[in-house]
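Geometric and topological summary
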Amino acid sequence: MNRRHFLRFGLLTAGTLPSLDSHFAAKAEPVANLTNPSLTPPAHPTLTPALKFVDVSRGNPKPYTLEGAALEQARLTPETWRCEITADPFTEEPHTKYAASIAQPLTLKNGKALDLPALMDLGKQHELHFLKAMQCLNIDTPLGQGVWSGVPLSEVLKLCGKMENVRRICFWGFHNQDPKQLFKSSVSYTQCMETPPGELPVFLAYRLNTNAIPLLRGGPVRMVVPWSHGYKSIKWLQHISLTNDARISDTYATGNNDPDSFLKTAAYLDKTSEPLKFKEGAPIVLRGQVISGLSGLKRVEFWVRRVDEHTHTLADDAPELLAAPWAPCTLEPEPDWSRTLPQFIRPGDLRGFNQTTGRMTTWPPRYAMCSYFASLENLPPGLYEVRARAIDGNNIAQPEPRPSQKSGKNAIQVRRIEVKS
Ligand SMILES: Nc1nc2c(c(=O)[nH]1)N[C@H]1C(S)=C(S)[C@@H](COP(=O)(O)O)O[C@H]1N2
Ligand SMILES: [Mo]
């Protein structure tokens, strides 16, 4: 386990090597002196390298394993990539009396399917860049964060001319020509066409962290739905269907998930082996990542509770937890953008960036995340539970008012540590 790996998966890092008394010590290289944690590098870079995201992909074989002729046949190379845009003939009384229509379908058959040069050409006028965390509705750890670049879906749809009776826009990616492998998502007409000022539009992304989106991450072109969990951000995008069926037909809806969920404001603790052991007196640093969701972020708090092997688990709404002396964590500051973003995206091009201050208007911006830490001090020998929670922009503590009904993973996370004399 190298140092980066250690930092990435270590919730708690110790000040000096001898204080790490578990098997971690033998495998980890010496860790920097964390007596002053703000001087040490954050556990997570602001931008996750494209190939280092946690992967959530369906398909057999998975589209990113295709090579050579098979990859070209799948139209998943930059040269062969095409996206069809069609109108759905569906009608059904009483809810869908009229079928959707568009003046100009873009299909493989009529030779007008959208290709990458045409999309990038639209980008000359409409390209936008923004920071977004990818977070699965069903996984209790953020998958990664990147600066995504692309063209709003609303601009792409203008290529189809006048449309009528469109209430929902559905999209899916390559699925091995097997309908059972189809992974589909959608947004409403309004969500596609109108964006509140300061918010981010649905868009077709072709760059991640300023590079072409690699096949593994859903390239050449991936849909990105900024406010949503990952299931709306369809990889290997190949088809957009405009329909007058107003019902949500997302694949994720079939898994009892809330198909209208927004990213939740929630603090996540870094993963670790448990209990992680420390020597008495050694500095202990709690680390994690926090996502600013629909309700924004005020701060992150932590609470340390003394336990023993027999202590039973505590519900997120337990009176003891609600009345506990939660203390503030420190958010890792915004990075120096001029160094973080390769030159051809100027920081000023990033959505939410304030030219005057040279910083983002809020940190972390909505639908993005940052690392946080807290120093745990003067813990006498014993077994402890540590928890972290986010306080949202309405001053409401996680997980309220957003307890998970399959609309996001935002239970309060807890880890055990042991301090030894
Ligand atoms: N085509 C396709 N797109 C997809 C998926 C998929 O299985 N197939 N999984 C979705 C889900 S559920 C998530 S959480 C994200 C994960 O994105 P990542 O693999 O880039 O981290 O991709 C989404 N896009
Ligand atoms: Mo997901």
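Residues numbered from 1 in each chain as written. Chains lettered and ligands numbered in written order. Predicted model: local features only at pLDDT ≥ 70, side-chain atom pairs only at ≥ 80, totals over all residues. Heavy atoms only, no water.

All right, on to the sheet that holds strand 24 (residues 413-420) then. Overall, mixed pairing links the 5 strands, which are arranged 15-24-23-17-18 in an open sheet. Whereas interior strands pair on both sides, the edge strands pair on one side only; in this sheet they are strand 15 (276-279) and strand 18 (327-328). For strand 17 (residues 297-307) and strand 18, the ladder comprises 2 bridges, and the chain directions are antiparallel. Its bridge partner lying in strand 18, E301 is registered against P328. (Pairing = 2+ DSSP bridges. Helix = DSSP H or I, 4+ residues; strand = E, 2+ residues; numbered from the N terminus.)

Taken domain by domain, the chain comprises domain 1 (3-42 + 264-420) and domain 2 (50-255). Put simply, the middle of domain 1 and the middle of domain 2, counted by C-alpha atoms, are 33 Å apart. Each partner contributes to the interface: domain 1 provides 26 residues, whereas domain 2 provides 29 residues. Both sides together, the interface formed by domain 1 and domain 2 hides about 2400 Å², and carbon and sulfur atoms give 60% of it. When the buried surface of domain 1 facing domain 2 is broken down by residue, R351, Y367 and M369 rank first, second and third, together holding 27% of it. Inspection of the region where domain 1 meets domain 2 yields 2 salt bridges. In this structure, the salt-bridge partner of K271 is D140, at a minimum N-O distance of 2.9 Å. Where domain 1 packs against domain 2, one counts 8 residue pairs in polar contact (both at pLDDT 80 or more). Broken down by secondary-structure element, the contributors of at least two residues to the side of domain 1 that touches domain 2 are helix 1 (3-9) and strand 16 (284-291). A class-by-class count of the residues in the side of domain 1 that touches domain 2 yields 13 nonpolar, 4 polar and 9 charged. (Domains from an automatic or database assignment. Contact = heavy atoms within 4.5 Å. Buried area = accessible area lost by both parts, 1.4 Å probe. Salt bridge = Lys/Arg side-chain N within 4 Å of Asp/Glu carboxyl O. Polar contact = N/O pair within 3.5 Å; in protein donor to acceptor, adjacent residues only side chain to side chain. Nonpolar A, V, L, I, M, F, W, Y, C, P; charged D, E, K, R; others polar.)

On to the nonpolar core. Ranked by size, the top nonpolar core spans 52 residues in total, and within it L119, L153, I169, M223 and I240 carry the most contacts. Here this core gets 5 residues from one element, more than from any other, and that element is strand 10 (residues 203-208). In this structure I240 touches C83, E84, I85, T86, L153, L157, I169, C170, F171 and M223, once residues within four positions along its chain are discounted. Core analysis: the next-biggest nonpolar cluster, separate from the first, contains 33 residues, V147, I284, L376 and Y384 among them. (Core = buried A, V, L, I, M, F, W, Y, C linked by side-chain atoms within 4.5 Å. Buried < 20%, exposed > 50% of the residue type's maximum accessible area, 1.4 Å probe, protein only.)

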